[in-house]
Amino acid sequence: MTRPADPRDLTPGPRLRVVGDDEAPWQDEPDPGTDPWIAPTPTPQAAVEPPAAAPRPRTVWTAADLMATDFPEPRWAVPGFFAEGVSLLAGPPKVGKSWLSLGLGLDVAAGRPAFGRVEVEAGPVLYLALEDTPRRLKTRMGKLLAGRQAPKALTLVTEFPPLPQGGADALDRWLTQNPGARLIVIDVFAKVRGNSAPGVAAYDADYAAIGYIKQVADRHSVATILVHHVRKMASDDFLAEVSGTNGLAGAADATLVLKRSRGKADGVLHITGRDVDENEHALEFQPDTGSWHLLDGPASDHTIGDTRSKILAHLRTHPGSKPLDIAAATDTDVDLVRRTCSRMAKDGQLHRSPGGAYAPPFSPDTLPDT
C-alpha cells in the first residue's frame, strides 16, 4: 500500500548565497562540479509548515465595485523614488549605479535614511550582485558602512538563474519566505532576462522580459530595481536613452536615469513613472564613503555655473528683481549679472518682464507690470 504524501518530502527551493566574511567558510558549499540552483535530494528532517503563498490579486471588477473599494497606498522602499512594482535604473558605465543601488540596499535593510536624508521603513532586502565577486562586495560594503554594523536583513547573491528558467520562481519563493521584504535589486538586469524566443519582435521581447519580474513584484507588493544601461547617443528625452526598445520603459512602472552633471552636482537622477511624480534630483557622490547624497533645492540650481546659480538662488526669494539689485545682493559685477540674466532668459532659465525685471521660470505672475 502506498503511504500518503508527507510534507517532509517537499523539494526545497534553491539556496541563496549570503555574502559574509570572506575568511569564514560557507556552510553546505556545493561541489564545484554541480549546479547550485538544482535542488539536492531531500533528506529526513523535522516537519516544517511551508509559508503561505501570496494571495493572487483580484483581476475582474464591475465599475461600481471598483469605485467602492478602498485600496492601500503604494508601498515605498524609498518614498518619492522607488515604489512597489518594477523600476528601471539606467545610466552610463561607471557613473555609479552599483554604488547607488548597493547603498540603497544597505540603507533600507538597516532603516537608515536613503540618499542621506529620505526616511525609509526597515525590512528584508535581496540584492543580486551578478557582476561582482564576494570579495569586491565586501570591500564596497565596508566603504559604504563606514564602521557601522552590516545589517542582517540584507541578503546578497552572486549567482542566479535567468528569470524565464526558474529565476522568477526563485524570487517568488524568497519573497514568500520573507513577507516583510521592502526591496529587491537586480544588478544587472541583462544577467537574468534570458534569451528571447525566436521570431519575436524586439519590442515584444523587451516587454515580456520585464513581465517575468513584474508579476512577482506585483504579487508581493515589493519595490524591485532593475539596474540597466543607456545608449551611447544622448537625447533630450532621458527615456530615449534607455538601452533597448520602448518595451522596457513601457512595461516598467517607473524609469530612472542617472546622468552626470556639468555643474556643481555630481549627477542628476531623472524620474518618471506611474506612481511617482516626474522629477529630477541633484545628487552628490561622496568618494570617501562611496555614497550618493541628495542635494537641497531643484536640480537646476546645481547643474548650472556658479554665477547663474547665485542669480537663480536670489530670484527664488526675490522674484522681480533687476540686475542692479541682483548684483548688489550677490556681490557680483553688475555687467556680468546683466549679461548672465540675458543669456539665462534666452535659455529658458529665467523669465524677463518688459521692464527688465527677472524671475525664476514657471512663475510669470511674480513679475511686475512695469
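What counts and how
- Residues numbered from 1 in each chain as written.
- Predicted model: local features only at pLDDT ≥ 70, side-chain atom pairs only at ≥ 80, totals over all residues.
- Heavy atoms only, no water.
- 1 Å grid on protein atoms, 1.4 Å probe; cavity = no way out; pocket = protein on both sides within 12 Å on 5 of 7 lines; lining within 4 Å.
- Points joined across faces, edges and corners; volume = space filled by probe spheres on them.
- Nonpolar A, V, L, I, M, F, W, Y, C, P; charged D, E, K, R; others polar.
- Helix = DSSP H or I, 4+ residues; strand = E, 2+ residues; numbered from the N terminus.
- Expected span 1.5 Å × (residues − 1).
- Buried < 20%, exposed > 50% of the residue type's maximum accessible area, 1.4 Å probe, protein only.
- Arc of directions from axis to C-beta.
- Contact = heavy atoms within 4.5 Å.
- Polar contact = N/O pair within 3.5 Å; in protein donor to acceptor, adjacent residues only side chain to side chain.
- Axes fitted to C-alpha atoms, helices over the stretch in contact; angles between N-to-C directions.
- Parallel < 35°, antiparallel > 145°, perpendicular 65-115°, else oblique.
- Left-handed = near helix turned anticlockwise from the far one by under 90°.
- Pairing = 2+ DSSP bridges.
- Salt bridge = Lys/Arg side-chain N within 4 Å of Asp/Glu carboxyl O.
- Phe/Tyr/Trp six-rings, centres within 6.5 Å; stacked < 30°, edge-to-face > 60°.
- Lys NZ or Arg CZ within 6 Å of the ring centre and 35° of its normal.

Time to look at empty space enclosed by the protein. Scanning the entire structure with this criterion turns up three cavities of 30 Å³ or more. Lining the largest cavity we find Trp-76, Phe-81, Ala-83, Glu-84, Ser-87, Asp-253, Ala-254, Arg-274, Asp-275 and Val-276. Tallied by class, the residues present in the lining of the largest cavity amount to five nonpolar, one polar and four charged. Estimated volume of the second largest cavity: approximately 40 Å³. Lining the second largest cavity are Arg-75, Trp-76, Ala-77, Glu-84, Ala-181, Arg-182, Ser-221, Val-222 and Ala-223. Split by residue class, the lining of the second largest cavity holds five nonpolar, one polar and three charged.

The next point concerns unusual backbone geometry. Of note, the bond from Asp-187 into Val-188 is cis; its omega dihedral lies within 30 degrees of zero at 10°. Its location among the elements puts Val-188 in the loop between strand E6 (183-187) and helix H5 (202-220). Residue Ala-146 is not a glycine yet carries a positive backbone phi of 50°. Positionally, Ala-146 belongs in the loop between helix H3 (134-145) and strand E5 (154-157). One non-glycine residue, Asp-331, lies in positive phi territory at about 55°. Residue placement: Asp-331 occurs in the loop between helix H8 (323-330) and helix H9 (334-346).

Counted at 1.5 Å a residue, the expected span for H9 with its 13 residues is 18 Å, and the 19 Å between its end C-alpha atoms agrees. Every buried residue of H9 is listed here: Val-337, Thr-340, Cys-341 and Met-344. Each buried residue of H9 sits inside an arc of 105° when the element is viewed along its axis, so together they form one side. Each element contacted by the buried residues of H9 is listed here: helix H7 (306-317), H8 and strand E13 (358-359). Of the residues flanking the start of H9, the one acting as N-cap is Asp-333, its side-chain oxygen 3.1 Å from the backbone nitrogen of Asp-335. Following H9 by one or two positions, Gly-348 adopts a phi angle in the positive range, close to 80°.

On to the packing of helix H2 (residues 97-110) against H3. Where H2 contacts H3, the axes come no closer than 10 Å and their chain directions differ by 65°. When the axis of H2 is compared with that of H3, the two are roughly perpendicular. The element H2 and its partner H3 pack so that their crossing is right-handed. Residue-level contacts link Ser-98, Trp-99, Leu-102, Gly-103 and Leu-106 of H2 to Leu-137, Arg-140, Met-141, Lys-143, Leu-144 and Leu-145 of H3.

On to the side chain of His-228. Structurally, His-228 can be placed in strand E7 (residues 223-229). Not counting residues within four places of it along the chain, the set of residues in contact with His-228 comprises Leu-88, Leu-89, Ala-90, Gly-91, Lys-97, Phe-189, Val-242, Ser-243 and Leu-248.

Note that Trp-292 resides in strand E11 (residues 291-294). The sequence separation of Trp-292 and Gly-96 amounts to 196 residues, and the corresponding C-alpha distance is 8.7 Å. The contact partners of Trp-292, leaving out residues within four places of it in the chain, are Val-95, Gly-96, Trp-99, Leu-100, Phe-115, Gly-116, Leu-258, Asp-266, Gly-267, Leu-283, Glu-284 and Phe-285. A polar atom in the side chain of Trp-292 sits 3.2 Å from the backbone oxygen of Gly-96.

Glancing now at the sheet that holds strand E10 (residues 279-286). Strand order in the open sheet formed by nine strands is E5-E4-E6-E7-E3-E8-E9-E10-E11, and the pairing between neighbours is mixed. The open sheet terminates on both sides in strands that have one partner only, identified here as E5 and E11. Sheet twist, expressed as the mean angle between neighbouring strand axes with direction ignored, is 20°.

To continue, consider the pattern of salt bridges. Taken as a whole, this structure holds twelve salt bridges when the rule is applied. Across the pair Asp-206 and Arg-193 runs a salt bridge whose closest N-O atoms are separated by 3.0 Å. Residue Asp-206 is found in helix H5, and its partner Arg-193 is found in the loop between E6 and H5; the two are separated by 13 residues along the sequence. In this structure, Asp-206 and Arg-193 share a single accessibility class: buried. With a shortest N-O distance of 2.9 Å, Lys-214 and Asp-218 are connected by a salt bridge. Here Asp-218 and Lys-214 lie together in helix H5, a separation of four residues that amounts to about one turn. Among the charged side chains, a network of salt bridges with common partners joins Lys-214, Asp-218, Asp-253 and Arg-274.

Under the definition given, this model contains four aromatic pairs. For the ring pair Tyr-203 and Tyr-207, a centre distance of 6.2 Å and an interplane angle of 25° mean the geometry is stacked. Of this pair, Tyr-203 and Tyr-207 both sit in helix H5, four residues apart, roughly one helical turn. Looking at Tyr-203, the relative accessible area reads 39%, which means it is partly exposed. Ring centres of Phe-285 and Trp-292 lie 5.1 Å apart, and the angle between their planes is 55°; on these two criteria the pair is classed as tilted. Note that Arg-58 overlies the ring of Trp-61, its terminal NZ or CZ placed 4.1 Å from the centroid. Taking the ring centre of Trp-99 as reference, the NZ or CZ of Arg-140 above it sits at 5.2 Å.

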